[in-house]
Amino acid sequence: MLAIEPEKCTGCRLCETACAIHHEKICAPEKARIRVTKWENEGVYIPIVCQQCETPICEIVCPMHAINRNAETGAMIIDDKLCVGCKLCVQFCPFGGIIVDDKTKKTAKCDLCSGEPVCVKFCQPKALQYLDATTLNLRKRRTAAERFSEYLKKMLTTI
Amino acid sequence: MVFNRKIAHINLSNGKISQKIVPKALRAQYLGGRGIDMHLLYKHMNPKINPLSPENLFIVGVGFLSGIPCLGSGRCDIAAKSPLTGAVGDSNIGGFFAPELRFAGFDHLVITGKAKKPVYLLATDDEITIKDASHIWGEDTFEAQTLLRRDEDDENIKSLVIGLAGENLVKFANVRTGMKNSAGRTGMGCIMGSKNLKAIAARGTIPVKFTHPDELIEYCMQMNDMITSTRWSKAQSRWGTMIIYSNTNTTGLLRTRNFQLNRLEDGQDLEPENIDRYSIGTSGCYGCSVHCRHRYVLREGPFAPLFGEGPEYTSLGAFGTMVGCKKMETILIANHLVNKYGLDTLETGGLIAWSMELFENGILNEKTTDGLRLEWGNEEAVFDLIQRIAHREGFGDILADGFGGAIAKIGKDSEYYAIQVKGMSNLHSDERPTPSFALGIATSTRGADHLRSRPAIDMYGLPEDTLKEIYGGPVADDYNSYDGKSRMVWWQELLYAVTDSIGTCKFQTVFCAVHAPKWEEFSKLIQLATGMEFQKSHLMQIGERICTIERLFNLREGFTRKDDNLPERYYKEPTPIGLPVARNKKIDKEKFKKMLDEYYELHGWDKDGVPKQETLKKLSLDNTLLNLS
């Protein structure tokens, strides 16, 4: 999965820029499938992108059955030929994971770049990482346990 | 496409706005950003005007490569005739404004005249509107940006704003964007204030098409790897520019107590590691993989709660070493205050440090400073004076005019203590042990300034063969030496003129690492992004053209060789402390003159620093080029 750790994000927007250039061959934040949402005055930056949900609301609401999972990467892919541009997916996605192309008025979303997400390659602070959910889960657990471990280590060594 | 972006001419007096595509011929000669700004400044400005008159131009320029995903490509160049120096006014700013202006369809704005009441400009897709800013006038630089976003009901509005300092025509008021980014030097915020222009907001959705997008992406990835693999960049990513302090304070390359000492004794609290007590993470400008500034939170004390970004190495000097303050917290508060009011951190600190020395030697006293005890390390006085400068209150009003105005009011005997060139304060580096840096600040077209050349590569103990390979001629590996240093300064000036014109970050060039991007990499990036082909020699010529047109501007304003000089103290007082490499060093006047001669020669200027006819011809700076608009 495309894992996001907002606390590492520095807000540089390289992910957006690279995404749009890679997919659309143009530099335009509006065309990027990923977007860094910012609260500048508080210093909070959160990259937002499709989470490739297990029960994808976009798939459920799509009247044309145009959104389907790619078996290899697990990405939800929009079939351009089937999409009629009704934008129900845009309305229902809880993450704003789906964008609308100005010209075609049809929708587009993160396709995980066939398993090699360009945004991840550009993310120096590693706020974006491409890894499986179990690895992410183990990492998160370790981070959560770290504080406790320091306390424990201290306690054990003093005894 | 890059080539469909426009120049907009905006007259605030009569509200007239015109637009035209940036001529490709101008791109070939100047690329964009600082280059084109300087052309416009020289061409459209009448000589000897009062910088605060409506006639002055306020020019905004987006870098030629703005929007590429590497090297911090979001930089913007701001130019005018400087109210502080009367010379070239030029300041570069990062953040996210430049790409947004480019997405709105504009690469350059040339603003003239003066609005009758406070206004802001809004650039949206191919359109520029002048809007009422009465409700924003008086707001600080953070709140002003929030209000603009709210006004336009769009969180993605990016803006350049001024604070109280700009409104009050403080001569070193800056222009700001975001929490931290500032076009700090030469008083560009004062020019905005003089035009009743509170802000320039941009929001655009016009895509930029690069010529070879797939190869560009690959190459940009290589560029990011190239820069993040340098030790300098790794250290910067972690601690920001403050990392320089560890080195310079240990060695003795930091002016302390104005210019009395060259290192801060007991200055441990200013070591960059101490920012960790306040940092919640780092922050980067557009397209930057280095992210050199901290986001910090101050949770206690009279100014808390406070969120800020930075501080830079320069602020450690401005509100630390130069004024004798030794606490990180002082820096964080002062940094926040100058950002809030929109003051150049460096000029503010330089002037306060100077006042403190004048206070110590009796040229100033409590009567003249309105009761402020300007003693070394008095942080309350520093905070107080920052606010008085921004409000132009009492003694703050005197300092608000910069060194030129303040010396005229305080008296001629104060001039000796002013560490400035062409009326602009130097930063807190002490250049007496490093002749290359000394030459760089003396020749900088915008007044004492390290970012025009920053010739630091000889400080890394590199073999002379390597230096020769980079600079194309012999350069001594000893940084105390004068040999070949003119070549370093000249070469770096050309490189940075081009860096400022393509709109990438200087930190991501040979700023502190020899194997960082330079000419060849710039050529390739330009080719992939725009299709234009430039060899290294062409780019160097563009750099030369930019430096020379700035020189022509200054000559036209009455600056001559005598202004490419250092404060007398550099020649008279040797550095008192520091490591042997930095101790007991002063600048040798004769050797300095020789360096200056060599430097002029390399630029193709005569002994008086006037560009030779053949140089002007070679650079097409005769009339043909100046007719381009």
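Computed from a predicted model, the values in this text were never measured in an experiment. (Residues numbered from 1 in each chain as written. Chains lettered and ligands numbered in written order. Predicted model: local features only at pLDDT ≥ 70, side-chain atom pairs only at ≥ 80, totals over all residues.)

Asks: Explain the confidence of the model for chain B here, please?
Replies: Detailed reading of the predicted coordinates is not advisable wherever pLDDT is low. Per-chain confidence: chain B averages 96 in pLDDT, with 99% of residues scoring 70 or above. What the predictor reports for the complex is a pTM of 0.96 with an ipTM of 0.94. (pLDDT = per-residue confidence, 0-100.)

Asks: Is there a simple way to explain the domain arrangement of chain B in this structure?
Replies: How big an interface is tends to be stated in terms of accessible area lost as the parts join. Residues and elements named next belong to chain B. Its domain assignment divides chain B into domain 1 (2-202), domain 2 (255-421) and domain 3 (435-626). Between domain 1 and domain 2, the C-alpha centre-to-centre distance is 26 Å. At the junction of the two partners, domain 1 supplies 34 residues and domain 2 supplies 25 residues. Elements represented by at least two residues in the side of domain 1 that touches domain 2 include exactly helix 4 (141-151), helix 5 (164-167) and strand 11 (181-183). (Domains from an automatic or database assignment. Contact = placed C-beta atoms within 7 Å. Helix = DSSP H or I, 4+ residues; strand = E, 2+ residues; numbered from the N terminus.)

Asks: Please clarify how the packing of helix 16 (residues 435-443) of chain B against helix 18 (residues 485-502) of chain B should be interpreted in this entry.
Replies: Two quantities define a packed helix pair, namely the angle between the axes and the distance from one axis to the other. Residues and elements named next belong to chain B. Following both chains from N to C, one finds helix 16 and helix 18 inclined at 50°, their axes separated by 9 Å at the closest point. Overall, the two elements helix 16 and helix 18 adopt an arrangement that is oblique. Handedness of the helix 16/helix 18 crossing: right-handed. Contact residues: Pro435, Ser436, Leu439, Gly440 and Thr443 in helix 16; Lys485, Ser486, Met488 and Val489 in helix 18. Of the residues contributing to the contact of helix 16 with helix 18, the split by class is 4 nonpolar, 4 polar and 1 charged. (Axes fitted to C-alpha atoms, helices over the stretch in contact; angles between N-to-C directions. Parallel < 35°, antiparallel > 145°, perpendicular 65-115°, else oblique. Left-handed = near helix turned anticlockwise from the far one by under 90°. Nonpolar A, V, L, I, M, F, W, Y, C, P; charged D, E, K, R; others polar.)

Asks: What exactly am I supposed to notice about helix 7 (residues 213-228) of chain B here?
Replies: Given 3.6 residues per helical turn, the α-helix brings residues three or four places apart onto the same face. If you check helix 7 of chain B, its first and last C-alpha atoms are 22 Å apart, about what 16 residues at 1.5 Å a residue would give, namely 22 Å. Restricting attention to buried positions, one finds in helix 7 of chain B the residues Leu216, Ile217, Tyr219, Cys220, Met223, Asn224 and Ile227 of chain B. Buried residues in helix 7 of chain B make contact with helix 1 (14-24) and helix 4 (118-122) of chain A together with helix 8 (231-239) and helix 19 (519-530) of chain B. (Expected span 1.5 Å × (residues − 1). Buried ≥ 20, exposed ≤ 12 C-beta atoms within 10 Å, placed from the backbone.)

Asks: Is there a simple way to explain the confidence of the model for chain A in this structure?
Replies: Taken over all residues, the pLDDT of chain A has a mean of 93, while the share at 70 or more is 99%. The element-level mean pLDDT for chain A is lowest in helix 5 (residues 133-158) of chain A, coming to 85, with helix 4 of chain A highest at 98.

Asks: Please clarify how the interface of chain A and chain B should be interpreted in this entry.
Replies: Listed by partner, the interface residues are 25 residues for chain A and 32 residues for chain B. Within the residue set of the side of chain A that touches chain B, elements represented by two or more residues are helix 1 and helix 4 of chain A. Looking at the side of chain A that touches chain B, the element that brings in the most residues is helix 1 of chain A, giving 5 residues. Of the residues contributing to the side of chain A that touches chain B, the split by class is 10 nonpolar, 7 polar and 8 charged.

Asks: Sorry, what's going on with the sheet that holds strand 2 (residues 17-21) of chain B here?
Replies: Strand pairing in a sheet takes place through backbone hydrogen bonds and is either antiparallel or parallel in direction. Residue and element names in this part refer to chain B. Pairing in this open sheet of 6 strands is mixed, and the strands run 2-1-6-3-4-5 from one edge to the other. Sheet topology places strand 2 and strand 5 (88-93) at the edges, where each strand pairs with a single neighbour. Averaged over all pairs of adjacent strands, the angle between strand axes in this sheet comes to 15°, irrespective of strand direction. Where strand 1 (residues 6-11) and strand 2 come together, 5 bridges link them in antiparallel fashion. (Pairing = 2+ DSSP bridges.)

Asks: Help me out: how do you make sense of unusual backbone geometry in this one?
Replies: Glycine aside, residues mostly have negative phi angles, and peptide bonds mostly take the trans form. Here the amide bond leading from Ala304 of chain B into Pro305 of chain B is cis, since omega sits at -5°, within 30 degrees of zero. Tracing the backbone through its elements, the reader meets Pro305 of chain B in the loop between strand 14 (293-298) and strand 15 (306-310). Residue Gly310 of chain B is joined to Pro311 of chain B through a cis peptide bond whose omega torsion reads -10°. Relative to the helices and strands, Pro311 of chain B is located in the loop between strand 15 and helix 10 (313-321). A positive phi angle is found at Lys87 of chain A, which is not glycine, with a value near 65°. Its place among the elements puts Lys87 of chain A in the loop between strand 5 (76-78) and helix 3 (88-92). Even without being a glycine, Lys105 of chain A presents a positive backbone phi close to 60°. Among the structural elements, Lys105 of chain A can be located in the loop between strand 6 (98-100) and strand 7 (107-109). For Lys105 of chain A, a count of 11 C-beta atoms within 10 Å translates into the label exposed.

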